[in-house]
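# What the coordinates show
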Amino acid sequence: MRKRILGFAAMAAASAIVLAGCSGGGAGESGGDADFDAKPTGTLNAWGFENADDVGTSRMDYAAEQLSDVDLKLDATAFDAQKFTTRIASGDVPDVVQMDRRYVTTYAAQGLIMPLDECFAAQDVTPDEHWYPSVVDDVTYDDEVWAVPQFYQPPAIIVNKKVLDEAGVAPEDFDTSNPDGLIDAIGKIYQESGGVPSRLGFDPVATGQGGLWILATGGQLNDDKGAPTLDDPKNVAGIELLKRITDAQGGFAAVKSFTDSFDTFGDNNQYVAGQVGAQVNAQWYPNVLGPYADQIDIQAVPFRDTNGDPFSVASGTAFVVPVGAKNPAAACAWMINLTSDDAWMAAGEARAQTLKDDGGLNTGLFTGSPAADKAIRDKFVVETGNAGFDQVISTFYDVVDYGQSFGSSPAGQEIQNELNNAITAALLGDKDPEQALADAQQAAMRAYENATAG
C-alpha cells in the first residue's frame, strides 16, 4: 500500500510541477477549420498520459464506454517540450496531448495548438461553470480557452503538532499575513547543531512555491496580455519575507541544504523525524503522510495573503489539440468525457475501492471541477478516525475556493524559471531583490518576445 500511495503522490507531484513560431492568429484559423461537431469516430492518438493510476485508468475506461466508435492509441511516455515542437514540425502530430498548464499559453501564442471554444460549444460545456475560474484562467489567452484542464492541487501549511507543542507554539501562529508573529514562532522552534540546522521552524519551500509567496503579498508575474512583470515593485515584498524566514534559520543555503536531505517520500520523512515545525505543501502530500498516521500528529492552516484572507494558487495539467491533428472531433469528445463529472465519480469509486482493498486514508480528489470535487467528497471522503488528518483534509478543501491563477503567459515556464533564479540570488545575498527581479525580467521578456514574434 505504501508503494501505491507513493505512486499516487508522485503522479500528483508531477502534475503540480511539470506533468510538472507563429502568431496566435494562425492557431485560431486552424481551430476554425476543425469540425468539432463531427461524430467522434476512428483512431485517436493521445500522448502524455503517463503512468496512469487508478484515477487515470478509470476515467479512460469511462471515456471508452461513451466513445465506442473511437479507437484510442495511447503513447504513455512523458510529455517533453522539445519533443512536442519537433513532432509538430515533422508532421508527426498527435490528436491530443497532456501537458502542464504552464506550457499551454506558450503553444497558443506560437500557433501550435487549437483554441477550443468551438469544442466546448459542441460538447455543451461552459468552461467557467464546469471548472474553477482560476483553473480556466490558466489556459485562457487572447480571449480564448486553449486547453481542457484537469486537477487543482492547492497549497496550505501542514504543521507538525508534536514539534509545536514541544516549543509552545500554536498552529495559528503560522500566519503568513503576520510576518513578525511568524518569525517569532519560527525562532521558538528552530534548532541547529554546529551552525547547521537540525530542525526548521518553517520550511517555506522558497523556490518550489515562489509564485505563491509573490502573489499572496500583492505581486504579479505577468500582465493581462501575458507580458512578464517580474520587476514590478510589488514583487519585492514576497522575496523580502522569504529572506526574513530563511535568515532566521541559518540562511537560505543552510535551509536548502537541510531540506534537500529530507526523506520526503520515505519512512523517515520530515514529519516523522521532527525536522520541521511547519511546511508549505500541495494537496497531494497528505497521501504521502497517510501511512505514518499513527506516528505523527499533524494539522493544517491556510496560507494567507497580506489582508489575512486564505490564499491559494491553481496548478495542474491540461489536454490540448495540436494544429494538424487528424481527428480533432474525437480528441474534443475524449477530453470532455475524460474530465466530466461522471468520469470523476468513476475515479472516486476506483480510488475508494483501492483504499478499501489495500488500506489507507481517503484524502479526496481535487479535480479542477467544483461540482466533481463536492460529489466525490460527499460520497467517498469519510472520517479517517484520525482527527488531525481529518482537519488537514478539510483545510485543503476549504482553501480551493480562494484560488488564483499564476497568470497566463506565452513565457509562462520561463517566468517561473527566472523567478526561481531571482529568489535564489536574493536569498543567498548575491543580489538585492530589486536587482534580482530586474535581471529576471530581462530574461523572461526575451522569452516572451521570442514566443510572440510571429
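Preceding this section is the structure that the text describes.
Let us look at the structure shown here. Predicted, not measured: the structure shown is a model, and the values here were computed from it.

Conventions and cut-offs
- Residues numbered from 1 in each chain as written.
- Predicted model: local features only at pLDDT ≥ 70, side-chain atom pairs only at ≥ 80, totals over all residues.
- Heavy atoms only, no water.
- Helix = DSSP H or I, 4+ residues; strand = E, 2+ residues; numbered from the N terminus.
- Rg over C-alpha atoms; globule rule 2.2 N^0.38 Å.
- Areas by Shrake-Rupley, 256 points an atom, 1.4 Å probe, with all protein chains shown as cover.
- Lys, Arg positive; Asp, Glu negative; His and termini not counted.
- Charge placed at Lys NZ, Arg CZ, Asp CG, Glu CD.
- Expected span 1.5 Å × (residues − 1).
- Buried < 20%, exposed > 50% of the residue type's maximum accessible area, 1.4 Å probe, protein only.
- Contact = heavy atoms within 4.5 Å.
- Axes fitted to C-alpha atoms, helices over the stretch in contact; angles between N-to-C directions.
- Parallel < 35°, antiparallel > 145°, perpendicular 65-115°, else oblique.
- Left-handed = near helix turned anticlockwise from the far one by under 90°.
- Nonpolar A, V, L, I, M, F, W, Y, C, P; charged D, E, K, R; others polar.
- Arc of directions from axis to C-beta.
- Disulfide = S-S within 2.5 Å.
- Pairing = 2+ DSSP bridges.
- Salt bridge = Lys/Arg side-chain N within 4 Å of Asp/Glu carboxyl O.
- Core = buried A, V, L, I, M, F, W, Y, C linked by side-chain atoms within 4.5 Å.

### Looking at the overall build of the chain
If you tally the helices and strands in the chain, you get 20 helices and 14 strands. Taking 2.2 N^0.38 as the reference for a compact globule, 454 residues should give roughly 22 Å; the C-alpha atoms of the chain span a radius of gyration of 22 Å, in line with that estimate. Counting only C-alpha atoms, the chain reaches 65 × 55 × 35 Å along its principal axes. Of the roughly 17,500 Å² of accessible surface on the chain, 45% is carried by carbon and sulfur atoms. The positive charge centre, built from 28 side chains, and the negative charge centre, built from 66, are 6 Å apart in the chain.

### A look at helix α12 (residues 236–247)
The terminal C-alpha atoms of α12 lie 16 Å apart, and with twelve residues this matches the ideal 16 Å at 1.5 Å per residue to within 8%. Of the positions making up α12, those classed as buried are Val236, Gly238, Ile239, Leu241, Leu242, Ile245 and Thr246. Packed against the buried residues of α12 are α10 (179–189), α11 (210–216), α13 (252–260), α19 (412–428) and α20 (433–451).

### Brief notes about the packing of helix α3 (residues 54–66) against helix α16 (residues 341–358)
In the contact formed by α3 and α16, the axes pass within 8 Å of each other and the chain directions differ by 135°. Viewed along their axes, α3 and α16 adopt a mutual orientation that is oblique. When you trace α3 past α16, the crossing you get is right-handed. Between α3 and α16, the residues in contact are Asp54, Val55, Ser58, Arg59 and Tyr62 and Asp342, Ala343, Trp344, Ala346, Ala347, Ala350, Arg351 and Thr354, respectively. Class assignment of the residues belonging to the contact of α3 with α16 gives a composition of seven nonpolar, two polar and four charged.

### A look at α10
Every α-helical turn comprises 3.6 residues, leaving residues that sit three or four positions apart pointing alike. Considered for burial, the residues of α10 that qualify are Leu182, Ile183, Ala185, Ile186 and Ile189. Down the axis of α10, the buried side of the element spans an arc of 160°, and every buried residue falls inside it. Close packing links the buried residues of α10 with α9 (161–167), β8 (191–193), β9 (196–199) and α12.

### Examining the packing of α10 against α12
With their axes 10 Å apart at the nearest point, α10 and α12 run at an angle of 20° to one another. Judged by the inter-axis angle, α10 sits roughly parallel to α12. Here α10 runs over α12; the crossing is right-handed. Seen from α10, the contacting residues are Pro179, Asp180, Leu182, Ile183 and Ile186; seen from α12, they are Leu241, Arg244 and Ile245. Looking at the contact of α10 with α12 residue by residue, the classes come out as six nonpolar, no polar and two charged.

### Some points on the state of the cysteines
Following the criterion strictly, the structure yields one disulfide and no others. Across the disulfide from Cys119 sits Cys332; the S-S distance is 2.1 Å. The sign of the 95° torsion about the S-S bond sets the Cys119-Cys332 disulfide as right-handed. Note that Cys119 is positioned in helix α6 (residues 117–122) and Cys332 in helix α15 (residues 328–338), a separation of 213 residues in sequence. Across the pair, Cys332 and Cys119 agree in class, each one buried.

### A closer look at unusual backbone geometry
With phi around 55°, Asp142 is a residue other than glycine that occupies positive phi space. Positive phi outside glycine occurs at Asp143, with the angle close to 65°. Within the secondary structure, Asp143 sits in the loop between β4 (140–141) and β5 (144–145). You can call Asp143 exposed: its relative accessible area is 74%.

### A short note on the sheet that holds strand β3 (residues 96–100)
Strand order across the open sheet formed by five strands is β2-β1-β3-β13-β6, with mixed pairing between neighbours. The open sheet is flanked by β2 (70–75) and β6 (148–150), the only strands paired with a single partner. The sheet shows a mean angle of 25° between the axes of neighbouring strands, direction not considered. In this structure, strand β1 (residues 42–47) lies alongside β3, joined through two bridges in parallel fashion. Within the sheet, the bridge partner assigned to Ala46 lies in β3 and is Val96.

### Side note on the pattern of salt bridges
Across all of its chains, the model carries 15 salt bridges by this definition. Asp92 is the salt-bridge partner of Arg87, the closest N and O atoms lying 3.2 Å from each other.

### Brief notes about the environment of Pro133
By the secondary structure assignment, Pro133 is in helix α8 (residues 133–138). Owing to a relative accessible area of 46%, Pro133 belongs among the partly exposed residues under this scheme.

### Some points on the nonpolar core
Judged by nonpolar contacts, the single largest core of 50 residues is most densely connected at Phe84, Met99, Val104, Trp334 and Met335. Only β1, α3, α4 (81–90), β3, α5 (101–109), α6, β13 (317–320) and α15 provide two or more residues apiece to this core. No other element matches α15, which puts eight residues into this core. Formed by 48 residues, the second largest nonpolar core is a distinct cluster that contains Val280, Val301, Ala447 and Tyr448.

### Things to note about the sheet that holds strand β7 (residues 155–160)
To summarise the sheet geometry, strands pair through backbone hydrogen bonds and adopt either a parallel or an antiparallel arrangement. In spatial order, the strands read β10-β7-β11; together these three strands make up an open sheet with antiparallel pairing. Single-partner strands in this sheet number two, and they are β10 (278–282) and β11 (298–301). This sheet shows a mean twist of 35° between the axes of neighbouring strands, independent of strand direction. As judged from the four bridges shared by β7 and β11, these two strands associate in the antiparallel manner.

Take it as geometry only, folks, not as evidence of what the structure does.
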